[in-house]
Amino acid sequence: MPFPIPNERVIVMINDSRLLQHLQDLSQIGRNEETGGINRFSFTPEEQQAIELVVSYMEEAGMTVVVDAVGNIIGTYGEGNETIMLGSHIDTVPEGGKYDGALGVLAAIEVVQTIHEQQLSPSKKIEVVAFKDEEGTRFGFGLIGSRAMAGLLTHQQLQQNDEAGISIEEAMKQFQLSPFPLEKAKRNDIRAYLEMHIEQGKVLEIEDLPVGVVTGIAAPLWLEVTVTGVSEHAGATPMPTRHDALTAASEMILAIEQMLKDTTDSVATVGKLNVRPNGVNVIPGKVTFTIDIRDIDEQRISTLENAILKQLQKIAERRNVPLSSQVLQRVKPAKTDATLQQQLKDSIEKYGIRSHSLISGAGHDAMNIAAVAPIGMLFVRSKDGISHNPLEYSSSEDIVIATNIFYDTVVELAK
Ligand code: HGY
Ligand code: MN
Ligand code: MN
């Protein structure tokens, strides 16, 4: 479908119906028919099914496909010493939406397939990567594939267990992966990394724009806090003598919200809570909850981490319930590359669209790849800013415009 643009030149367009069909087909894998949410976690049959579908799309697009030592799916097009890498992820959060990650992988494949069909001969190799376990849903530790590619993944981190006590290393071996030595997955040939992703916030909707250029990515610090009280009989234990781990944790969680109520940069979220022994007639003896702290500034994250843990300790002491905490994952915030930002802006303006720059509150694989290559990100408008929710939605029009802009940028970079 040729797109008339301001200077009357008709330019090559991606195959919009093919891309939208691929998005629809992939979204059926791991879909909860009741809620419409998608549950596609790393090293599961649903993920394996999704991998097979994505590999078939990559091959149709003229790519050769390999799986690296930690399970990244890598489609390669063309040759060259330098690589233009495009990517995102196909795993999801619990009850996730159909666009988070999946759009970036499928749009990148569509860009390569259009390049292939146009018989362009890029001077650089182009790769499309579906990174392993970006979300960290199963192990409470994410961005595994991009950490490995950036040389940031450690043997110790692969010992993190899921709720069934299976470690990441064991899960990898169950899927016939041999991750060691971890250096095998490290890359030093990436000339530029570009990721197209839904915004997952409201900025582009407020600006009434289909796309935006990311200037920086706020990074997650994930903590796990355990509060230890005493399990006792709910009926026979007078209130003043209790050491209730759940009421203590509840006061702590509200204290976190209170500490951040006036900030604009940082955010903190308690997303998971586990109560033991979890009986109606038992005073909770042990409660574990997670804290997800984000900011674009690393110093502010660490200041907030210390202030929150200090405040929680105070509550623990007053209530006489010991508290312990551990870091589940810590990622560096990242700035995107100015040249790649400019290239994306040029492609956006070629379509007569005002280019708008914004920070990503959500984390992405690009944060890790920033350690070994210049990174760029193109955001696509999210309806109502909703994401990590079955209601997550980006319009077909926005997706098609964004992918055409992405195509234009990749063709320029791969020349
Ligand atoms: O947590 C994040 O920001 C991303 O969705 N993994
Ligand atoms: Mn996500
Ligand atoms: Mn994502």
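Residues numbered from 1 in each chain as written. Chains lettered and ligands numbered in written order. Predicted model: local features only at pLDDT ≥ 70, side-chain atom pairs only at ≥ 80, totals over all residues. Heavy atoms only, no water.

Engineer: When you look at the coordination of the manganese ion (ligand 3) in this model, what are you seeing that I'm missing?
Structural biologist: Geometrically, a metal with four donors at the corners of a regular tetrahedron has ideal angles of 109.5 degrees, and one with six donors at the corners of a regular octahedron has ideal angles of 90 or 180 degrees. H89 (NE2), D100 (OD) and H197 (NE2) make up the full set of protein donors to the manganese ion (ligand 3), lying at 2.1 to 2.3 Å. Between consecutive donor residues of the manganese ion (ligand 3), the sequence gaps follow H-x10-D-x96-H. Separating the manganese ion (ligand 3) from the manganese ion (ligand 2) is a gap of 3.4 Å, which D100 spans by donating to each of them. Placement of the pair is D100 in the loop between β5 (83-89) and α3 (102-117) and H197 in strand β7 (residues 190-198), with a sequence separation of 97 residues. Here D100 falls in the buried class, since its relative accessible area comes to 6%. (Donors = N, O, S within 2.8 Å, 3.2 Å for Na, K, Ca; no water. Helix = DSSP H or I, 4+ residues; strand = E, 2+ residues; numbered from the N terminus. Buried < 20%, exposed > 50% of the residue type's maximum accessible area, 1.4 Å probe, protein only.)

Engineer: Help me understand the site of ligand 1 in this model?
Structural biologist: Around ligand 1, the surrounding shell consists of E134, E135, R294, A362, G363 and H388. R294 places a polar side-chain atom, nitrogen or oxygen, 2.6 Å from an oxygen atom of ligand 1. Contact distances for ligand 1 include 2.6 Å between an oxygen atom and a backbone N or O atom of G363. Protein coverage of the free-state accessible area of ligand 1, which is 210 Å², stands at 92%. The residue inventory of the shell around ligand 1, partitioned by class, reads 1 nonpolar, 2 polar and 3 charged. (Near = heavy atom within 4 Å. Polar contact = N/O pair within 3.5 Å; in protein donor to acceptor, adjacent residues only side chain to side chain. Areas by Shrake-Rupley, 256 points an atom, 1.4 Å probe, with all protein chains shown as cover. Nonpolar A, V, L, I, M, F, W, Y, C, P; charged D, E, K, R; others polar.)

Engineer: Explain the packing of helix α9 (residues 338-350) against helix α11 (residues 396-414) here, please?
Structural biologist: Two quantities define a packed helix pair, namely the angle between the axes and the distance from one axis to the other. The interhelical angle for the contact between α9 and α11, taken along N-to-C directions, is 130°, at an axis separation of 9 Å. Classified by the angle between their axes, α9 and α11 sit oblique to one another. Crossing of α9 against α11: the hand is right-handed. Two secondary-structure elements touch here, α9 through L340, Q343, L344, S347, I348 and K350 and α11 through I405, D408, T409, E412 and L413. Here the residues of the contact of α9 with α11 sort into 5 nonpolar, 3 polar and 3 charged. (Axes fitted to C-alpha atoms, helices over the stretch in contact; angles between N-to-C directions. Parallel < 35°, antiparallel > 145°, perpendicular 65-115°, else oblique. Left-handed = near helix turned anticlockwise from the far one by under 90°. Contact = heavy atoms within 4.5 Å.)

Engineer: What am I meant to see in the pattern of salt bridges here?
Structural biologist: Should their charged atoms come close, side chains of opposite charge can pair. This model, assessed by the stated rule, comprises 25 salt bridges. Of the charged contacts, one joins K332 and E298 as a salt bridge, the two residues approaching to 3.1 Å between their closest N and O atoms. Note that K332 is positioned in the loop between β13 (323-330) and β14 (334-335) and E298 in helix α8 (residues 298-319), a separation of 34 residues in sequence. What makes K332 exposed here is its relative accessible area of 55%. A salt bridge links D408 to K350, with the nearest nitrogen and oxygen atoms 2.8 Å apart. Highlighted residues: D408 in helix α11 and K350 in helix α9, separated in sequence by 58 residues. Three or more residues are tied together by salt bridges with common partners; here these are K125, E127, R187 and D189. (Salt bridge = Lys/Arg side-chain N within 4 Å of Asp/Glu carboxyl O.)

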